[in-house]
Amino acid sequence: MNLQNPYKSVVLTGDRPTGPLHLGHYIGSLKNRLDLQNSPQSHDMYIMVADTQALTDHFEHPTLVRQYTLELVKDYLAIGIDPEKTTLFIQSQVPELCELTAYFMNLVTVSRLERNPTVKAEIQQKGMQESLPAGFLCYPVSQAADITAFGRLESGTILVPVGEDQLPMIEITNEIVRRFNRLYGPCLQEAKGVLSPTARLMGIDGQHKAGKSLNNAIYLKDSKEVLREKVFQMYTDPGHIHVQDPGKVDGNMIFHYLDAFAPDQEQVRAFKAHYEKGGLGDVVLKKYLFSVLETLLGPIWEKRQTVRDQDAMEVLMHGSKQARQRVQEKMSHVRAAMQLDY
Ligand code: TRP
């Protein structure tokens, strides 16, 4: 127990329900969430299914968002997120988050939002230049509300385990917090990103970051056969034609994944040296990587089998009620600070 601060630290994070979780999510953020959940120093931890945010770029596909809301929670439960320790909830079921977003909208400029590098890249990628929805440009403001709504004076900074692409959202959050506190009095707490050493996992194509849209990711719920296929399709060194040829380690996806996931890094170093010298074939390495990933994913596959839709939904409904209570408490302070407490 931390004697200086008897209060638990608050942890808040979430994902958009627009597709299944993949190994990039796992190494970039999910593993950190598990470590926080299971650390001896316990935390007051919340994981949110960001369905409201998912609608900012999927408003034409509500059925998809609804479907992946459940899938996302099944993924969380399968990797070991424990509803006894972590509150899982649905963003839209805590409508006070929208209220807080509305207040925050006044504290940030349009030009500041337009400079957000992650949003800029997404606009490019989705070809939204000509028809950018206001909701999409403003989602970082609603994200600031999601985070700060869970802050507690006694607990200090709010921890946010996320991938590195989310750091610009945390920056905007803290700007809004400082502005709010200056204008209306000290009420909100700042946020701090918790990053993993492998902040960015490449896709099996070796060309882009692993992602849903590029079909280059290994999903947590892929079957054993699909996992094998994907590992055997991985981009390696196109110049490494014969086993005895010296091969390149840099940019070789087998080594990129072994660096991220192999528990025995001594072995990985030995493989690298052998590969660079020549005499080590891709197939041997791919078999090794397959076994590493199968060991990681096997228990996740097994657990996922046991989670029924109705269990996942129950967890979400119960968690949403708890989260809402927590946020309502915070909102009474926010409204008082803003002289809206009639
Ligand atoms: N932007 C995150 C994503 O793309 C989802 C998200 C919404 C989030 N609100 C959040 C993450 C608050 C951390 C904290 O998946």
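These numbers were taken from a predicted model, which means no experiment stands behind them.

A. Just the overall build of the protein chain, in detail. Helices and strands together make up the secondary structure of the protein chain, namely 14 helices and 5 strands. Relative to a compact globule of 342 residues, whose C-alpha radius of gyration would be 20 Å, the protein chain shows 22 Å and is just as compact. Considering only contacts within the protein chain whose residues lie at least 6 apart along the sequence, 78% involve residues at least 24 apart. Per element, the accessible surface of the protein chain, about 16700 Å² overall, is 52% carbon and sulfur. Computed over 37 positive and 41 negative side-chain charges, the inter-centroid distance for the protein chain is 2 Å.

B. Region of the structure containing the site of the ligand. The local shell around the ligand holds 14 residues, among which Arg16, Gln53, Gln143, Asp146 and Gln166 are the closest. Contact distances for the ligand include 3.0 Å between a nitrogen atom and a side-chain N or O atom of Gln143. Burial of the ligand by the protein amounts to 92% of the accessible area it has alone, namely 370 Å². Of all elements in the fold, only β1 (9-15) and α8 (139-148) reach the threshold of two or more residues within the shell around the ligand.

C. Representation of the domain arrangement of the protein chain within the structure. You can read the domains of the protein chain as domain 1 (9-201 + 308-337) and domain 2 (224-303). The straight-line distance from the C-alpha centre of domain 1 to that of domain 2 is 34 Å. Broken down residue by residue, the surface that domain 1 buries against domain 2 is led by Leu23, Ala78 and Leu201, which jointly contribute 59%. Where domain 1 touches domain 2, the interface holds 0 salt bridges. In this structure, the connection of domain 1 to domain 2 is made through 1 residue pair in polar contact (both at pLDDT 80 or more). Of all the secondary structure elements, the ones that give two or more residues to the side of domain 1 that touches domain 2 are α1 (23-38) and α3 (62-79). Along the lines of polarity and charge, the residues of the side of domain 1 that touches domain 2 split into 7 nonpolar, 1 polar and 1 charged.

D. Broad picture of the packing of aromatic side chains. According to the stated counting rule, one finds 8 aromatic pairs in the structure shown. Measuring from ring centre to ring centre gives 4.6 Å for Tyr46 and Phe150, while their planes differ by 45°; the resulting arrangement is tilted. One end of the pair, Tyr46, is in strand β2 (residues 43-49); the other, Phe150, is in the loop between α8 and β4 (158-161), with 104 residues separating them in the sequence. With respect to class, Tyr46 is no different from Phe150; both count as buried. Between Phe180 and Tyr184 the ring centres are 4.8 Å apart and the planes differ by 70°, which places this aromatic pair in the edge-to-face class. Of this pair, Phe180 and Tyr184 both sit in helix α9 (residues 167-184), 4 residues apart, which is roughly one turn of that helix. For Phe180, a relative accessible area of 0% gives the class buried. Taken together, Tyr46, Phe89 and Phe150 form an aromatic cluster joined through their ring pairs. The lysine or arginine in question, Arg16, covers the ring of Tyr139, its NZ or CZ lying 4.5 Å from the ring centre. Taking NZ or CZ as reference, Arg228 lies 4.5 Å from the ring centre of Phe290, over its face.

E. Seen up close, helix α14 (residues 309-337). Between its terminal C-alpha atoms α14 stretches 41 Å, which fits the 42 Å expected from 29 residues at 1.5 Å a residue. Looking one or two residues beyond α14, the residue adopting positive phi is Gln339, at roughly 60°.

F. Structural view of the side chain of His43. By secondary structure assignment, the location of His43 is in strand β2. Look at His43 and you get buried, because its relative accessible area is 12%. Side-chain polar atoms of His43 contact the backbone oxygen of Gln41, separated by 3.1 Å. In this view, His43 contacts Lys8, Ser9, Val11, Leu36 and Leu159; residues no more than four positions away in its chain are not counted.

G. Looking closely at the pairing of β4. Burial along β4 is two-sided: the face carrying Ile158 and Val160 and the face carrying Leu159 and Pro161 are both buried. Inspection of the sheet shows β4 paired to strand β5 (residues 191-194) by 4 bridges, in the parallel sense. The residue bridging Pro161 from the neighbouring strand is Val194, located in β5.

H. Inspection of helix α12 (residues 265-277) at higher detail. For α12, spanning 13 residues, the distance from its first C-alpha to its last is 18 Å, which sits close to the expected 18 Å at 1.5 Å a residue. Where the residues of α12 are buried, they touch α11 (253-261) and α13 (282-306). Looking one or two residues beyond α12, the residue adopting positive phi is Gly278, at roughly 105°.

Calculation notes
- Residues numbered from 1 in each chain as written.
- Predicted model: local features only at pLDDT ≥ 70, side-chain atom pairs only at ≥ 80, totals over all residues.
- Heavy atoms only, no water.
- Helix = DSSP H or I, 4+ residues; strand = E, 2+ residues; numbered from the N terminus.
- Rg over C-alpha atoms; globule rule 2.2 N^0.38 Å.
- Contact = heavy atoms within 4.5 Å.
- Areas by Shrake-Rupley, 256 points an atom, 1.4 Å probe, with all protein chains shown as cover.
- Lys, Arg positive; Asp, Glu negative; His and termini not counted.
- Charge placed at Lys NZ, Arg CZ, Asp CG, Glu CD.
- Near = heavy atom within 4 Å.
- Polar contact = N/O pair within 3.5 Å; in protein donor to acceptor, adjacent residues only side chain to side chain.
- Domains from an automatic or database assignment.
- Buried area = accessible area lost by both parts, 1.4 Å probe.
- Salt bridge = Lys/Arg side-chain N within 4 Å of Asp/Glu carboxyl O.
- Nonpolar A, V, L, I, M, F, W, Y, C, P; charged D, E, K, R; others polar.
- Phe/Tyr/Trp six-rings, centres within 6.5 Å; stacked < 30°, edge-to-face > 60°.
- Buried < 20%, exposed > 50% of the residue type's maximum accessible area, 1.4 Å probe, protein only.
- Lys NZ or Arg CZ within 6 Å of the ring centre and 35° of its normal.
- Expected span 1.5 Å × (residues − 1).
- Pairing = 2+ DSSP bridges.

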